[in-house]
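# Structural overview
Each chain is listed here by its residues.
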Amino acid sequence: MKSQDIRKAYLQFFESKGHLIVPSAPIVLKDDPTLMFNNSGMAQFKEYFLGNGTPKSKRIADTQKCLRVSGKHNDLEDVGFDTYHHTMFEMLGNWSFGDYFKKEALAWAWEFLTEVLKLDKDRLYVSVFEGNPAENVAFDQEAFDIWKQYVSEDRIILGNKKDNFWEMGDQGPCGPCSEIHIDLRTDAERAVVSGRSLVNADHPQVVEIWNNVFMEFNRKADGSLEKLPAQHVDTGMGFERLCMAMQNVTSNYDTDVFTPLIAKIEEITGLKYTSNEVKNISEAQNKTNIAIRVIVDHVRAVAFAIADGQLPSNGGAGYVIRRILRRAIRYGFTFLNTKEPFINKLVPVLAEQMGEFFPEIKSQQQLVTNVIREEEASFLRTLDQGLQLLENVVSQTNGTEVPGAKAFELYDTFGFPKDLTALILKEKGMSFNESEFDASMQEQKNRSRAASEVSTEDWKVLIPGNVETFVGYDQTENEVKITRIRKVDSKKDGVLYQIVLNNTPFYPEGGGQVGDKGILVSANETIHIIDTKKENNLILHFAKQLPENIEATFIAKVNTDLRTSTSKNHSATHLMHLALRTVLGTHVEQKGSLVNPNYLRFDFSHFSKVTDEELRQVEANVNAQIEAQLQLNEYRNIPIQEAMAKGAMALFGEKYGDTVRMIEFGDSKELCGGIHVKNTADIWHFKIVSEGAVAAGIRRIEAITGEAVKDFFAQQENALATIKDTLKNPQDTLKAVVSLQDENAKLKKQIEQLLKEKAKNLKGELTAQLQEINGVKFIATQVDLNAEGAKDLAYELGNLGTNLFLVLATAEEDKPMLTCYISKELVAEKNLNAGQVVRELGKYIQGGGGGQPFFATAGGKNAAGIKEALEKAVDFIQ
């Protein structure tokens, strides 16, 4: 049964059981501060389990893209080495929100596996929670009794808290779970060792395929459990593992989920992958297999993350994506001998495979391909730099062991992988101190963990029920009551309090727009709200202190100055989006934005730099829309199909409900939850301040509006006045500047000519100073030239013969530079290398450099070290 058919069968089965089938949420979570990525099927439904929202159906099913590479769920280092862990995987799930419970969930799971998919019942084992007296949680007798209807008792395993009690996190909904495991070993193997003994023992062919979680409890901050007001079912089935079971193979990578990708790698590299059925493979083949598994797994995670709007970067979720991709590149570089970008060539195969169920991978295929190709090229350059840096470390090491701290510096600062360092050192008969490396790594992790450590208390609920509403589209000031509060303590921000209001005017951070600030005022005090965010459908107002009387009535007042400036910038992003599509083409799509009171930042897809003329056209287009005084037309809670029919643009990577809010200014129509001006005239003026690249095929524009533009023009006017004053107030300022530039260019040419003549004169002086040492003509001296002049002089002297070894030092503006020239014949004859010479001598001027074997330069910071560097130069030929 093909993977596409297995997926369809699952969704059709649960649709027949009254479940609403919903699309996968994006793999990257933009509006959940507690999670970077969707790491489980239930993540998009958290608010329903917490009782903070109402689902559109009490029964839901889907297939969810998940990513587990950080935090509690981190499978990254296992990927490739075994055959069943993945970074990105699909989780087939069915949910009940206060509807059916254990009886139906377990019966349907058994029915689907054994009657629809026809899996061999004799290969299936189930587990139930054994109970935990310490937490007053009883043995799950109900699940045990239900399973006895379907399997013999010897196939029911009692699981402990680690295996059979599922928790969303340190706090929140949790409950006992019942897993289903399958034994995929041969009959001969099963006859010798019972599958029961291998359940949860990390056996590659005895694996969990389905987990039924029964949400009954809420874990409080002090670790205690309390009963939830309603009971829920949260199930998850590993799609890749299910395909393995259905396709009679013993590895996820031997299923048709991965084999087309593997075949493409074989075609590109000329290497072969051996399936899990082949035994006794060589060590070299095993390394090839691991590398191919790493790459086909990682390309899925990276491609879907990019398609959902997360670009590789140096921080946050972007850094995680970059790290995954670099791990794949490095495995190809080391074990598949791929020295050129190739992973991007897998994207069309992936799009063809998964585009039917996940259309975003098809529609974003070109962008994903471009970004991955650029990242590959960039990291391959980094690997080359790392190889040079490692050579430096080796040359500075006494003995055969490199300090672990040095190896860690290569890893941490330059992204040079630990195992590649080990491999290269091994080829040189060397190693590095692994315990020192691990200690440095742990120290960094501890620093990182300490910096991000957060302790969150339980909510103190003052007004029960879902009474919270947002009134901020219509009001910036409102009478409110506090519905719940909690204390949050973090190393980064210190102690803060999260306050939830019954009908708040404060806009929470989202859709690129920052959260509102303002105050809560009562008869006796004022509380400053320093930020507003949304978490699990609750709007959280952050304050450094709580009111003395938390049950009082308050007036919530948004800082309207900040909000007005922010709304101008937000509306301007919509106008600019339209302008970019008008000027550059309809291929332009928003890929990210930041809207705050000071400026706007807008990332968009485009294949080349936006020219100055195009930027002027975009700016003029936006300002024309501002001058047209376009009235805001706001459509709240309209069906998404109706909004799309009206021409609204939806953004990739955003999750939309059945009803949406549409913002319209003339021809600009977008789905958006943010705050906007009532009329484009309120923006006053729009000015682009920068344009540049973010990644391959992604550009970024930063711009300003309103008061910021007035300040900008005032600064430009002051700058012009200063220039005119400096130039003694010429009648034509531009003409005066051009004249000054022409004069400067002439003087530069004259200086260059003088320096060349000076170098020629020095050639005669230095020729007379040449010493012959061991058959080598040698000179090491300081000259009064710039770096370019020293290079010219070195080449001039190089024409004197075939046995020259020369080191020149310069110190223009007290910046030391060493220039080394070695005759090519000497390089070959005596195995000398100018790059190695300047790297070694560069230490004395607190610098470094490199170049070719016959010519290299090194810059530094310590001009006082020149004398010693020149004295040491002779050591290379003695």
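Just so you know, these numbers come straight off a predicted model, no measurement behind them.

## Overview of the sheet that holds strand S27 (residues 659-665)
Overall, antiparallel pairing links the 3 strands, which are arranged S26-S27-S28 in an open sheet. Of all the strands in the sheet, the pair left with one neighbour each is strand S26 (633-639) and strand S28 (668-671). Within this sheet the neighbouring strands show an average axis-to-axis angle of 20°, counted without direction. Both S26 and S27 contribute to a ladder of 5 bridges, which runs antiparallel. Following the sheet pairing, Tyr635 is matched in S27 by Met662.

## Some details on the packing of helix H10 (residues 316-335) against helix H13 (residues 365-395)
Contact geometry for H10 and H13: axes closest at 10 Å, N-to-C directions at 65°. As for how H10 packs across H13, the hand of that crossing is right-handed. When H10 is examined against H13, the residues Arg322, Leu325, Arg326, Ile329, Arg330 and Phe333 are found in contact with a partner set consisting of Ile372, Glu375, Glu376, Ser378, Phe379, Leu380, Thr382, Leu383 and Leu387. For the contact of H10 with H13, a count of residues per class yields 8 nonpolar, 2 polar and 5 charged.

## What to know about the environment of Glu208
On the secondary structure map, Glu208 appears in strand S10 (residues 206-219). Given the relative accessible area of 24%, Glu208 is considered partly exposed. With residues near it in sequence (within four places) discarded, Glu208 still touches Glu179, Ile180, His181 and Arg241.

## Description of unusual backbone geometry
A positive phi angle, close to 60°, is found at Lys118, a residue other than glycine. Here Lys118 is to be found in the loop between helix H3 (102-116) and strand S6 (124-129). Residue classification places Lys118 among the exposed residues on the basis of a relative accessible area of 63%. Even without glycine at this site, Glu813 takes up a positive phi of about 50°. Tracing the backbone through its elements, the reader meets Glu813 in the loop between strand S33 (804-812) and strand S34 (815-822).

## Examining the sheet that holds strand S30 (residues 698-705)
Judged by pairing direction, the sheet is antiparallel, and its 4 strands sit side by side in the order S24-S25-S30-S29 without closing on themselves. A strand with exactly one partner marks an edge of an open sheet, and here the two such strands are strand S24 (590-595) and strand S29 (686-695). Strand-to-strand, the axes of this sheet are offset by a mean angle of 15°, without reference to chain direction. Where helix H17 (residues 560-583) meets the sheet, it contacts S24, strand S25 (600-605), S29 and S30, and its direction lies at approximately 25° from that of S25. Helix H20 (residues 706-726) rests against S29 and S30 of the sheet, and its axis sits at about 85° to S30.

## Notes on the confidence of the model for the protein chain
Chain-level pLDDT for the protein chain is 91 on average; 98% of the residues reach the 70-or-more range. Confidence, expressed as mean pLDDT per element, reaches its minimum in the protein chain at strand S4 (residues 73-74) with 50 and its maximum at helix H18 (residues 612-627) with 98.

## Let's talk about the nonpolar core
With 119 residues, the main nonpolar core has Phe112, Leu113, Leu242 and Ile343 as its most contacted residues. The greatest single-element share of this core, amounting to 14 residues, is contributed by helix H9 (residues 283-307). Here Ile343 is in contact with Ile295, Val299, Leu325, Ala328, Ile329, Ile372 and Glu376, once residues within four sequence places are set aside. Core analysis: the second largest hydrophobic core is formed by 40 residues, Ala759, Leu806, Leu826 and Leu832 among them.

## Regarding the pairing of S27
Among the 7 residues in S27, 6 count as buried, and that is most of the element. With 4 bridges joining them, S27 and S28 adopt antiparallel strand pairing. Residue pairing across strands places Phe665 opposite Ser668, the latter belonging to S28. The antiparallel pairing of S27 with S28 creates a hairpin that spans 2 residues between the two strands, and Gly666 there sits at a positive phi of about 60°.

Cut-offs and rules
- Along every chain, residues carry numbers that run from 1 in the direction the sequence is written.
- Only residues with pLDDT of at least 70 get local features here, since the model is predicted, and only at 80 or more are side-chain atom pairs given and counted; chain-wide, interface and lining totals rely on the full set of residues.
- Water and hydrogen atoms were dropped before computing side-chain values, which therefore reflect all heavy atoms in the structure.
- Pairing between strands is defined by DSSP: at least two bridges between them are needed.
- Runs of H or I in DSSP of at least four residues are treated as helices and runs of E of at least two as strands, each being numbered from the N terminus.
- Axes here refer to lines fitted to C-alpha atoms; in helices the fit is confined to the stretch in contact. Angles between the N-to-C directions go from 0 to 180 degrees.
- Less than a right angle of anticlockwise turn of the near helix away from the far helix marks a crossing as left-handed, whereas a clockwise turn marks it as right-handed.
- Contacts are assigned to residue pairs that have any heavy atoms within 4.5 Å of one another.
- Nonpolar residues are Ala, Val, Leu, Ile, Met, Phe, Trp, Tyr, Cys and Pro. Charged residues are Asp, Glu, Lys and Arg, and all others, Gly as well, are polar.
- Buried means the residue's accessible area, taken with a 1.4 Å probe over protein chains only, is under 20% of the maximum for its type, while exposed means over 50%, and partly exposed covers the values in between.
- Known as pLDDT, the predictor's confidence for each residue is given on a scale from 0 to 100.
- The term nonpolar core refers to a set of buried residues drawn from Ala, Val, Leu, Ile, Met, Phe, Trp, Tyr and Cys, joined through side-chain atoms within 4.5 Å.

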